[in-house]
Amino acid sequence: MSRGYHPSRELPLMVAIHVPKAPEWMEDAACLRVGHEKFFGPPSDDKEHQETAREKEAREDRARAMCADCPVLAQCKKYATSFSNGIQVGVWHGGNDHQRAIDRRKEQRKAAAERRKAS
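Values in this document were obtained by computation on a predicted structure and should not be read as measured data.

A.B. asks: I'd like to hear about the side chain of Arg 59, residue by residue, with values.
C.D. replies: Structurally, Arg 59 can be placed in helix 2 (residues 53-68). Looking at Arg 59, the relative accessible area reads 7%, which means it is buried.

Rendered as structure tokens:
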């Protein structure tokens, strides 16, 4: 009798994958039950469905409009800008990845000025 192949039992775990739990405030987000395609463009490796610059701008404008009235906008901004490596993509808190990079630099300058002032 053949035992069969069961990869989940026979292959060793190569790396642990940490999937963080979504923050509790996200339950109140305006975007929670809206399709993610409104906030994130097509994958960069999907050559068949690439956005033009105009399509991307229009999609991001629609997402920003939804963010404008969101009850957890401040928490979303703090969350999205907390990733120092800029890994967050798409529209968060009404800003895209370019805006978040600007916001991160502003926060870094503000923190540096506060450190200088304290010393």
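A.B. asks: Could you give an account of the layout of surface pockets, with specific residues and numbers?
C.D. replies: If you add up the space inside the largest pocket, you get close to 350 Å³. Looking at the largest pocket, it is lined by 21 residues, and the ones nearest its centre are Ala 29, Cys 31, Leu 32, Phe 39 and Trp 92. Broken down by secondary-structure element, the contributors of at least two residues to the lining of the largest pocket are helix 2 and helix 3 (73-81). Of the residues assigned to the lining of the largest pocket, the class counts are 18 nonpolar, two polar and one charged.

A.B. asks: Please provide a residue-by-residue account of helix 2, values included.
C.D. replies: Counted at 1.5 Å a residue, the expected span for helix 2 with its 16 residues is 22 Å, and the 22 Å between its end C-alpha atoms agrees. Along helix 2, the residues that are buried comprise Arg 59, Glu 60, Ala 63 and Cys 67. For helix 2, the arc enclosing every buried residue in end-on projection is 95°, short of the 170-degree limit, so these residues lie on one face. Across helix 2 from its buried face, at more than 90 degrees, point the exposed residues Arg 54, Glu 57, Arg 62 and Ala 68. For helix 2, the secondary structure elements touched by its buried residues are helix 3.

A.B. asks: Could you give an account of the pattern of salt bridges, naming the residues involved and the relevant values?
C.D. replies: Under the counting rule described, the total for this entry stands at three salt bridges. Ionic pairing is found between Arg 59 and Glu 51, a salt bridge with its closest N-O pair at 2.5 Å. Via salt bridges that share partners, Glu 60, Asp 61 and Arg 64 belong to a single interconnected network.

A.B. asks: Can you tell me about the packing of aromatic side chains, naming the residues and giving the values?
C.D. replies: Scanning all chains against the criterion turns up three aromatic pairs. Residues Trp 25 and Tyr 79 carry aromatic rings whose centres are separated by 5.8 Å and whose planes lie at 70° to one another, so their mutual orientation is edge-to-face. Separated by 54 residues along the polypeptide, Trp 25 in the loop between helix 1 (7-10) and helix 2 and Tyr 79 in helix 3 bring together distant segments of the chain. Measuring from centroid to centroid gives 6.4 Å for Phe 40 and Trp 92, while their planes differ by 75°, and the two rings are edge-to-face. One end of the pair, Phe 40, is in the loop between helix 1 and helix 2; the other, Trp 92, is in the loop between helix 3 and helix 4 (97-118), and 52 residues separate them in sequence. Since its relative accessible area comes to 15%, Trp 92 is described here as buried.

A.B. asks: Could you give an account of the confidence of the model for the protein, with specific residues and numbers?
C.D. replies: Residue-level pLDDT values for the protein average 81, and 80% of them are 70 or greater. Per-element confidence in the protein ranges from a low mean pLDDT of 54 for helix 1 to a high of 92 for helix 2.

A.B. asks: Can you explain helix 3? Please cite residues and give values.
C.D. replies: Among all positions of helix 3, only Cys 76, Ala 80 and Thr 81 are buried. Down the axis of helix 3, the buried set is contained in an arc of 115°. They therefore lie on one face. Across from the buried face of helix 3, at angles greater than 90 degrees, the exposed residues are Ala 74 and Lys 78. Looking at the buried residues of helix 3, the elements they touch are helix 4.

Criteria and thresholds
- Residues numbered from 1 in each chain as written.
- Predicted model: local features only at pLDDT ≥ 70, side-chain atom pairs only at ≥ 80, totals over all residues.
- Heavy atoms only, no water.
- Helix = DSSP H or I, 4+ residues; strand = E, 2+ residues; numbered from the N terminus.
- Buried < 20%, exposed > 50% of the residue type's maximum accessible area, 1.4 Å probe, protein only.
- 1 Å grid on protein atoms, 1.4 Å probe; cavity = no way out; pocket = protein on both sides within 12 Å on 5 of 7 lines; lining within 4 Å.
- Points joined across faces, edges and corners; volume = space filled by probe spheres on them.
- Nonpolar A, V, L, I, M, F, W, Y, C, P; charged D, E, K, R; others polar.
- Expected span 1.5 Å × (residues − 1).
- Arc of directions from axis to C-beta.
- Contact = heavy atoms within 4.5 Å.
- Salt bridge = Lys/Arg side-chain N within 4 Å of Asp/Glu carboxyl O.
- Phe/Tyr/Trp six-rings, centres within 6.5 Å; stacked < 30°, edge-to-face > 60°.
- pLDDT = per-residue confidence, 0-100.

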